[in-house]
Each structure stands twice: as structure tokens, then as C-alpha cells.
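As a plain string of letters, each chain reads:
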Amino acid sequence: MSPTEISLVIATWVIVAVAVAARLGPFLRRHQHAAVPPYATFAEQPTGARWLACDTTICGHMTTVHTPQPGGAYRCTGCGHTKGHQ
């Protein structure tokens, strides 16, 4: 092969590589991982608050913040249900 033919083959492969990269670029960018969401912000809990399992289906029986009430009971900050002394 002459140097001219080698240059034409290399130029052809470069053109093919650029064309493939241009076609695959949007496809590859679409499948990149999403950006990392910002860190959670934490709020200061009231004095004496406890994380207790809520006994209602409104809160889905999940652990939520309960604030102290007079008489030793705790009130759920999610649904307002009051639990006895804990």
C-alpha cells in the first residue's frame, strides 16, 4: 500500500469513528446516572420528644416523632393520635 492509500484508509476510519460517536452520544448521555440529590435537612425536635411506633393506619404503623403531653402521654406529630405513658 502506498502512503496515500494508507492516509485514505486512516481518514475513512476517523470519519466512521466520528460518525458513530455522534450517533451514540445522545443515547449514552440519556443513560447516565441521575444527579445525586442534596443531603437531607434535619429539624430540631421538641424537648422530650420520642420516636415511637404510631398505632394508627394513618401513619402506617411507622415510627414517628411523638411529643410529650401532660399526664405522661405522647402525641404523634404525624396524625395527632395520643399514646399512653411510654
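Going by the structure above, here's the rest.
A quick note: this is a predicted structure, and the numbers were derived from the prediction, not measured.

Asks: Break down the pattern of salt bridges for me, with residues and values.
Replies: The tally for this structure, following the rule as stated, stands at 1 salt bridge. Here Lys-83 and Asp-55 are joined by a salt bridge, their closest N and O atoms 3.6 Å apart. Here Lys-83 is found in strand E4 (residues 82–83), whereas its partner Asp-55 is found in the loop between strand E1 (50–53) and strand E2 (63–68), with 28 residues between them in sequence. A relative accessible area of 10% means that Lys-83 is categorised as buried.

Asks: Outline unusual backbone geometry, supporting the account with residue identities and numerical values.
Replies: Phi is mostly negative for residues that are not glycine, and the peptide bonds are mostly trans. Residues other than glycine seldom take positive phi values, yet His-61 does so here, at roughly 60°. As for its placement among the helices and strands, His-61 is situated in the loop between E1 and E2. Overall, the relative accessible area of 48% leaves His-61 in the partly exposed class.

Asks: Tell me what's going on with the environment of Gly-84, and back it up with residues and numbers.
Replies: Here Gly-84 lies in the segment after E4. Exposure remark for Gly-84: the relative accessible area of 43% places this residue in the partly exposed category. Between the alpha carbons of Gly-84 and Pro-26 there is a distance of 59 Å; along the sequence they are 58 residues apart. Sequence-distant contacts of Gly-84, defined by excluding residues within four places in its chain, comprise Gly-72, Ala-73 and Tyr-74.

Conventions used here
Residues numbered from 1 in each chain as written. Predicted model: local features only at pLDDT ≥ 70, side-chain atom pairs only at ≥ 80, totals over all residues. Heavy atoms only, no water. Salt bridge = Lys/Arg side-chain N within 4 Å of Asp/Glu carboxyl O. Helix = DSSP H or I, 4+ residues; strand = E, 2+ residues; numbered from the N terminus. Buried < 20%, exposed > 50% of the residue type's maximum accessible area, 1.4 Å probe, protein only. Contact = heavy atoms within 4.5 Å.

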